[in-house]
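Descriptive analysis of the structure
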Amino acid sequence: MIEGNGTKMTMEQDYYPNLYHYRLGKNLLGGLSIKDQEEKVTTFIQRKCNSENLHFFIGSGCSLPAVPLMGWTFDKLKKGILQEEVLGDYSGESLDIENYLNWLKNAITFLGEETQEGIKFKNAFDTTKKGLLDSMPKGHVKGINKEIDVALDNYRDFYSTIFSQREFKKMAPVNVFTTNYDLFNEVAMENLGIQYTNGFRGSVNRVFDPSVYRLRLVDDENRYKDKWNVIRRYVKLYKIHGSIDWKYNETINSIVQSNSDENADVMIYPTINKHLETQQSPYSELFRELTINLQKKNSTLIVVGYGFPDTHINQLITQALNNEDFNLIVFGNKEEIAASQFFDLHKEKRNFHFIGGNFSGKADGHHFKNVIRFLSGSEQYAQSK
């Protein structure tokens, strides 16, 4: 049976805890108790956190419940305010909001913004963009509502856990790639005092400049040392689909970071628009960084909260799997259609791991809070909660 969200339901999901860890098409956890399964996953993932080059890919599932999945937002819009706007072929259940925005932009470009039809498509674009923006939290601090508190706690626990594994080891900075527009990554790291870069330079006027990803922070506390020590609690954050605080500044012809509401282009969308070269530049640079980092030696990419809906991203990850010293660890639900297709395509590869299952009698083995539990050591994390 298939649910409306594209998930194939099975009887075992409803009745008993049972994790899986697939490698070479075989479940390595088969026949073990749930306690032993948890310990196996914990040991495995903690060991991989010590890879020379560690990368995380964080999808929209990690910001639940504070930020609804874009598919949910799109369904809500289609049943509400978009009913009177242009839907065309996008009235079906399976088409996503980003492709819809791109479809609308192509139509506006072809028809012209001043024509009657072009105005109709432009209204639909603005309505959809506003609906997506309205689905984002208006603040990223604790105490606003329970959903934001849960999401922020999860991100804080995630970063605390990562550096509990790597803080005192001389390793490359952690790379975090995300398709999320929200600011939970940034706020969590700032709350914890973790240094990070998000591709912007400057302090008062923050302008996108991908060259900052090439820089490393050093600790020069003792200026008589023969060698400076690099800052180890350091993250390179790549928001490959943009952010709610990115805007286009026409005066300097660049993307800037700002929390003001003066410019309507609050988010940079992966669509064609009138600022074509400038708008394409952040995406081309960010995707190039993804490709370069996944090709580095002894790399591990851990995927959380991502259901493999983006063909372009999937292709880049697939290319990296051709490297023998690259490891891909996906926390996912292999009953979801897109994830299942990716799993079937790569399940026989030695460097591909797929972890999920029923942790609490339901398909939550891949949920962000449980991935954090595995990363930190189950007993320690359970006691802290």
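Coordinates for the structure precede this section.
Below is a short write-up of the structure. Small disclaimer: the values here were computed from a predicted structure and weren't measured.

**Some thoughts on helix α9 (residues 337-346)**
Residues A339, S340, F342, F343 and H346 constitute the buried set of α9. Looking straight down α9, one finds that the buried residues subtend no more than 165° of arc, so they occupy a single side. Structural note: α9 exposes Q341 and L345 on the side pointing more than 90 degrees away from its buried face.

**Quick look at the pattern of salt bridges**
Applying the stated rule across the entire model yields twelve salt bridges. R373 is paired through a salt bridge with E38; the nearest N and O atoms lie 2.9 Å apart. With R373 in helix α10 (residues 368-376) and E38 in helix α1 (residues 34-48), this pair connects stretches of sequence that are 335 residues apart. Judged by relative accessible area, R373 falls into the partly exposed class, the value being 23%.

**Points about the environment of E98**
Within the secondary structure layout, E98 lies in helix α3 (residues 97-111). Judged by its relative accessible area of 12%, E98 is buried. In the structure, E98 is positioned 24 residues away from F74 in sequence and 9.4 Å away in space, judged by C-alpha atoms.

**Comments concerning the environment of N27**
Examined against the element boundaries, N27 turns out to sit in strand β2 (residues 26-27). Taking the C-alpha atoms as reference points, N27 and H353, 326 residues apart in sequence, are found 9.8 Å from one another. In this structure the side chain of N27 is engaged in a polar contact, spanning 3.0 Å, whose partner is the backbone nitrogen of H21.

**Quick word on the sheet that holds strand β10 (residues 234-239)**
Ordered in space as β2-β1-β15-β14-β13-β3-β4-β10-β5, the nine strands form an open sheet in which the pairing is mixed. One side of each edge strand has no neighbouring strand; the edge strands of this open sheet are β2 and β5 (195-197). Sheet analysis places strand β14 (residues 326-331) next to strand β15 (residues 352-358), joined by four bridges and oriented parallel. The partner of F331 across the bridge, within β15, is I355.

**Here's the deal with the sheet that holds strand β7 (residues 206-208)**
Whether parallel or antiparallel, the strands of a sheet pair through hydrogen bonds between backbone atoms. What the four strands build is an open sheet, ordered β6-β7-β12-β11; its pairing is antiparallel. Either end of the sheet is taken by a strand with one partner, and the two such strands are β6 (200-201) and β11 (246-249). Note: β6 against β7, two bridges, orientation antiparallel. The residue of β7 that forms the bridge with R201 is V207.

**Details of helix α6 (residues 184-192)**
If you check which residues of α6 are buried, you get F184, N185, E186, V187, A188 and M189. Residues of α6 that are buried sit in contact with β3 (53-58), α5 (146-166), β4 (174-178), β5 and β10. Backbone geometry just downstream of α6 places G193 in the positive-phi region, at approximately 75°.

**Section: the packing of α5 against α10**
The geometry of a pair of packed helices is captured by two quantities: the angle between their axes and the separation between those axes. Relative orientation of the contacting elements α5 and α10 amounts to 20°, with a least axis distance of 9 Å. When the axis of α5 is compared with that of α10, the two are roughly parallel. Crossing of α5 over α10 shows left-handed handedness. Contact residues: α5 offers N154, Y155, D157, F158, T161, I162 and Q165, while α10 offers F368, K369, I372, L375 and S376. Tallied by class, the residues present in the contact of α5 with α10 amount to six nonpolar, four polar and two charged.

Conventions we followed
- Residues numbered from 1 in each chain as written.
- Predicted model: local features only at pLDDT ≥ 70, side-chain atom pairs only at ≥ 80, totals over all residues.
- Heavy atoms only, no water.
- Buried < 20%, exposed > 50% of the residue type's maximum accessible area, 1.4 Å probe, protein only.
- Helix = DSSP H or I, 4+ residues; strand = E, 2+ residues; numbered from the N terminus.
- Arc of directions from axis to C-beta.
- Salt bridge = Lys/Arg side-chain N within 4 Å of Asp/Glu carboxyl O.
- Polar contact = N/O pair within 3.5 Å; in protein donor to acceptor, adjacent residues only side chain to side chain.
- Pairing = 2+ DSSP bridges.
- Contact = heavy atoms within 4.5 Å.
- Axes fitted to C-alpha atoms, helices over the stretch in contact; angles between N-to-C directions.
- Parallel < 35°, antiparallel > 145°, perpendicular 65-115°, else oblique.
- Left-handed = near helix turned anticlockwise from the far one by under 90°.
- Nonpolar A, V, L, I, M, F, W, Y, C, P; charged D, E, K, R; others polar.

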